[in-house]
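Given next are the chains, with one letter for each unit.
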Amino acid sequence: MGKTLFDKVWDAHVVDTIENGPQILYIDKHLIHEVTSPQAFNELEERGIPIARPNKIVATADHNTPTVDQHLPVKDALSKKQLEQLSENCAKNNIPLYGLGHEKNGIVHVIAPELGITQPGMTMVCGDSHTSTHGAFGTIAFGIGTSQVAQVFASQCLLLQKPKSLRVNVNGKLKKGVLPKDVILYIIAKLGTNSGTGYFCEYAGNVFEEMSMEGRMTVCNMSIEMGARGGMIAPDQTTFDYVQGREEAPKGEEFDKKVAYWKSLPTDEDAVFDQEYSFDAADIEPMITYGTNPGMGIKITENIPTSDDSSFEKSLEYMNFNKGESLIDKPINYVFIGSCTNSRIEDFRVAAAYVKGKQKAGNVNAWLVPGSQKVARQIAEEGLQNIFEEAGFALRQPGCSACLAMNDDKIPEGEYCVSTSNRNFEGRQGQGSRTILASPLVAAATAVAGKIIDITKEIESLELV
Amino acid sequence: MEKFTKLTSRAIPLPTENIDTDQIIPARFLKATDKLGFGDNVFRDWRFHKDGNINQDFALNNPTYSGSILVAGDNFGCGSSREHAAWALVGYGLKVIVSSFFADIFKGNALNNGLLPVQVSEKFLKKLLAHLEENPTSEVTINLEEQTIETEVGTNSFKINTYKKTCMMNGYDDIDFLISNKDKINAFEATL
């Protein structure tokens, strides 16, 4: 029987297998940030264990950083302490840190790909569930808890049970205005938030093959929202072209050798998956969520479904929505374009293409937060910043921002926010906030209209990038 | 890590499904650099109203219920990988979570902190939740050695990986084990 992409990468990293138990898996790259690493550093220090491979770790500050006035001292004392502790821990252990203000700073899942740290065939971990993002490169990448961060610090390995395999196929032609975010929201709405638990997912089909790396990252990013530890897309020419020439990517002959290996990674034709689903691209439309988990999504033109389930009712009560109602024309006062799901240059290109020549609605507070310093520079260089500013939008500085609202970027209680982030959990964007997940196009259209609109009506006349 | 072998306790029913780690410990409490004090803020926004007053309707605040076993709805612990969720539940005094389904990362984090996730069938969970709501003083026994959950509505067995079971019963963690394999890891690295 043939092997899957996942099998090939996994098997190449197994150090040992314990009888009737887990396997020891070698980790090629360990990404860390300020929130989930301090307790792991403490643990090692208390036990007198050195960091095994500091050169395989890269650190950034992103979750708890301000997105305005980054040149000034961080105001919140606890946040400041957490950031300082990261700097101290990295300095003490010779770990490269792209901290606040560094030209390479940004959201961990945005900077690692753009610096060429993320490469096909690798195993990568980070104390953050959206580490699945890096699977876009044909990488086994997944989120871990802080105890596991400490394990990787101590040994560069993890003890793991090999997950089951799942493949989601999407073939056909996507409608105009249907973005990678809509594809993944559609998949999660169809399959539910725990359909992927216990599995590692591969996304296959011409829809993913034709996607840019940015789009593939958006898709893989949200694998965890259907419960899958990670998602992967087979590396191909699009992947190799993206990686080539990046700072930390292999160069010259070394690169060619790597590409030859990467070409051997795609799933064999006769490989069998434990679970498989297929969807028709033509069925997908711009999506939005109406509830308090990412599986509660509908096409923007559809009405909220009806159900008597108590968890469903609790969710609608929190959102202050009614069963069976449409969300079109709902007034919206907050729009967030950012997060590790949708804060790459392509996302801002789409948003800028829509807002060009239009004006932000007066009632809307729009937060546009680039994923990294590099994305911020690109936005300026490509003239997108001017487009946003002329339309009444202001750009903020890079970070996780209102995706999890650890910093001051909090949506006020009771307010709706159309957000390009990944989670619409209760209070996710601030206590009492109500999140509606959507693509950067739907978010931009909401910011201009001041309410949710039926974007499908104007899609044909849109000039998108 | 504390050892776990057997526990008999009353149990707190919390039938809500898809309880995510943002509910277990909201992000604004993740600024600490140690593992202490998270128990004070477990389920913060469900336990307390915005004005700081206690929400008497919430299961953990309801004086009818007590115990160190939480019986929760399907897909417990989904969302963020924050281990702070496990620290918060343990800090509050819980030792076992019973549900019909656990999210992967949470399950691993719980096991790494001596908090036992006990997965039962959906049918059994529904029966148990209903029984606990009617009979809050009834006790539940978790026997890790036998891998059983004994209740007044019947006994169910649960699965746990043999390696993890040994760790839980002896209070071992993965770091010691991984470090003891250093030679194998170095040999593997040499082949890369």
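This report concerns the structure included in the present document. (Residues numbered from 1 in each chain as written. Chains lettered and ligands numbered in written order. Predicted model: local features only at pLDDT ≥ 70, side-chain atom pairs only at ≥ 80, totals over all residues. Heavy atoms only, no water.)

Details of the overall build of chain A
Our working definition: Secondary structure elements follow DSSP: runs of H or I of four or more residues count as helices, runs of E of two or more count as strands, with numbering from the N terminus. Only protein chains enter the accessibility calculation, which uses a 1.4 Å probe; a residue is then buried when its area is under 20% of its type maximum, exposed when over 50%, and partly exposed in between. Should any heavy atoms of two residues lie within 4.5 Å, those residues are considered in contact.
Helix and strand content of chain A: 15 helices and 18 strands. If one aligns the C-alpha atoms of chain A with their principal axes, the spans along those axes are about 55 × 55 × 50 Å. Per-residue burial over chain A gives 65% buried out of 465 residues. Across chain A, contacts joining residues at least 24 apart in sequence account for 75% of those joining residues at least 6 apart.

Describing the pattern of salt bridges
Residues and elements named next belong to chain A. What counts, and what does not: One side-chain nitrogen of Lys or Arg within 4 Å of one carboxyl oxygen of Asp or Glu is enough to make a salt bridge.
Applying the stated criterion across every chain, the model contains 31 salt bridges over all chains. Of the charged contacts in the structure, one is a salt bridge between Lys3 and Asp11, with a shortest N-O distance of 3.0 Å. Residue classification places Lys3 among the partly exposed positions, given a relative accessible area of 34%. Ionic pairing is found between Arg47 and Glu43, a salt bridge with its closest N-O pair at 2.7 Å. With Arg47 and Glu43 both in helix α2 (residues 38–47) and four residues apart, this pair spans about one turn of that helix. A relative accessible area of 17% means that Glu43 is categorised as buried.

Focus: the sheet that holds strand β11 (residues 230–232) of chain A
Residues and elements named next belong to chain A. Filter applied, for reference: At least two bridges found by DSSP between two strands is the condition for calling them paired. Working convention: axes come from line fits to C-alpha atoms, limited for helices to the stretch in contact. Angles between N-to-C directions cover 0 to 180 degrees.
A sheet is described by the order of its strands in space; here four strands give the open sequence β11-β10-β9-β12, paired in parallel fashion. Across the chains shown, the open sheet's two edge strands, defined by having one partner strand only, are β11 and β12 (275–280). Averaged over all pairs of adjacent strands, the angle between their axes in this sheet comes to 20 degrees, without regard to strand direction. Note that strand β9 (residues 164–171) and strand β10 (residues 199–204) share six bridges and pair parallel. Bridging from a neighbouring strand, Leu166 pairs with Cys201 of β10.

A word on the interface of chain A and chain B
Where interface size is given, it is often the accessible area lost as the parts come together that is meant. The criterion, for reference: We define buried area as the total accessible area lost by two parts upon association, computed with a 1.4 Å probe and summed across both. Pairs of N or O atoms within 3.5 Å make up the polar contacts considered here, provided that, within protein, one atom can donate a hydrogen while the other can accept it, and that residues adjacent in sequence are counted only when both atoms are side-chain atoms. Each residue is assigned to one of three groups, with Ala, Val, Leu, Ile, Met, Phe, Trp, Tyr, Cys and Pro labelled nonpolar, Asp, Glu, Lys and Arg labelled charged, and all others, Gly among them, labelled polar.
Taken together, the contact between chain A and chain B spans 66 residues of the former and 52 residues of the latter. Buried surface at the junction of chain A and chain B, both sides included, amounts to about 4,800 Å², of which 55% is carbon and sulfur. The tally of links from chain A across to chain B stands at eight salt bridges. We note a salt bridge from Lys35(B) to Glu43(A), for which the minimum N-O separation is 3.2 Å. For the pair chain A and chain B, the number of links is 33 residue pairs in polar contact (both at pLDDT 80 or more). When residues of the side of chain A that touches chain B are traced back to their parent elements, those giving at least two are β1 (14–17), β2 (23–26), α2, α3 (77–92), α5 (146–155), β8 (157–160) and α11 (310–319) of chain A. The element that contributes the greatest number of residues to the side of chain A that touches chain B is α5(A), accounting for seven residues. Residue composition of the side of chain A that touches chain B, grouped by class: 23 nonpolar, 28 polar and 15 charged.

Brief notes about the nonpolar core
In plain terms, the rule: Note on terminology: a nonpolar core comprises buried Ala, Val, Leu, Ile, Met, Phe, Trp, Tyr and Cys residues joined through side-chain atoms within 4.5 Å.
Formed by 85 residues in total, the largest nonpolar core has its most connected members in Tyr354(A), Phe43(B), Phe76(B) and Leu89(B). Those residues in contact with Phe76(B) that sit more than four places away from it in its chain are Ile19(B), Ile24(B), Phe43(B), Leu70(B), Leu89(B), Ile97(B), Ser99(B), Phe101(B), Phe102(B), Ala103(B) and Phe106(B). Counting residues in each nonpolar core, the second largest holds 76 residues, with Val125(A), Leu158(A), Ile188(A) and Met211(A) among its members.

As for the packing of α2(A) against α3(A)
Residue and element names in this part refer to chain A. Heads up, the rule is: In this scheme, roughly parallel covers angles under 35 degrees and roughly antiparallel covers those over 145, while 65 to 115 is roughly perpendicular and the rest are oblique. A crossing counts as left-handed when the near helix is turned anticlockwise from the far one by less than a right angle, and as right-handed when that turn is clockwise.
One can describe the packing of α2 onto α3 by two numbers: an axis separation of 10 Å at closest approach and a directional angle of 45 degrees. Judged on the interaxial angle alone, α3 and α2 are oblique. Both α2 and α3 take part in a crossing whose hand is left-handed. Note on element contacts: α3 touches α2 through Gln85, Asn89 and Lys92, opposite Pro38, Phe41, Asn42 and Glu45. Here the residues of the contact of α2 with α3 are counted per class, giving two nonpolar, three polar and two charged.

Some details on unusual backbone geometry
Backbone geometry at Asp69(A) places phi at a positive 50 degrees, although glycine is not the residue there. Its location among the elements puts Asp69(A) in the loop between β4 (57–60) and α3.

A look at the pairing of β8(A)
All names here are of chain A. The alternating pattern of β8 places Cys157 and Leu159 on one face and Leu158 and Leu160 on the opposite face, and all of these are buried. As paired strands, β2 and β8 are joined by four bridges and run antiparallel to one another. Bridge pairing links Leu25 to Leu158 in β8.

Describing α5(A)
Residue and element names in this part refer to chain A. The buried fraction of α5 is high, at ten of ten residues. Burial in α5 covers these residues: Thr146, Ser147, Gln148, Val149, Ala150, Gln151, Val152, Phe153, Ala154 and Ser155. A positive phi of about 60 degrees marks Gln156, the residue just after α5.

Here's the deal with the packing of aromatic side chains
Under the convention used in this document: Each Phe, Tyr or Trp ring, with Trp reduced to its six-membered ring, pairs with another whose centre is within 6.5 Å; inter-plane angles below 30 degrees give stacked pairs, above 60 give edge-to-face pairs, and intermediate values give tilted ones.
Applying the stated criterion across every chain, the model contains 22 aromatic pairs over all chains. Considering the side-chain rings of Phe6(A) and Trp10(A), the 5.4 Å spacing of their centres and the 35 degrees angle between planes classify their relative orientation as tilted. Of the two residues, Phe6(A) and Trp10(A) both sit in helix α1 (residues 5–11), four residues apart, roughly one turn of that helix. For the ring pair Tyr26(A) and Phe188(B), a centre distance of 5.5 Å and an interplane angle of 45 degrees mean the geometry is tilted.

Structural notes on helix α15 (residues 440–449) of chain A
Residue and element names in this part refer to chain A. Most of α15 is tucked away: nine of the ten residues are buried. When α15 is considered as a whole, its buried residues turn out to be Pro440, Leu441, Val442, Ala443, Ala444, Ala445, Thr446, Ala447 and Val448. Buried residues along α15 sit against β13 (287–289), β15 (334–337), α12 (345–355) and β17 (416–419).

All quantities given are derived from atomic positions and should not be read as evidence of function.
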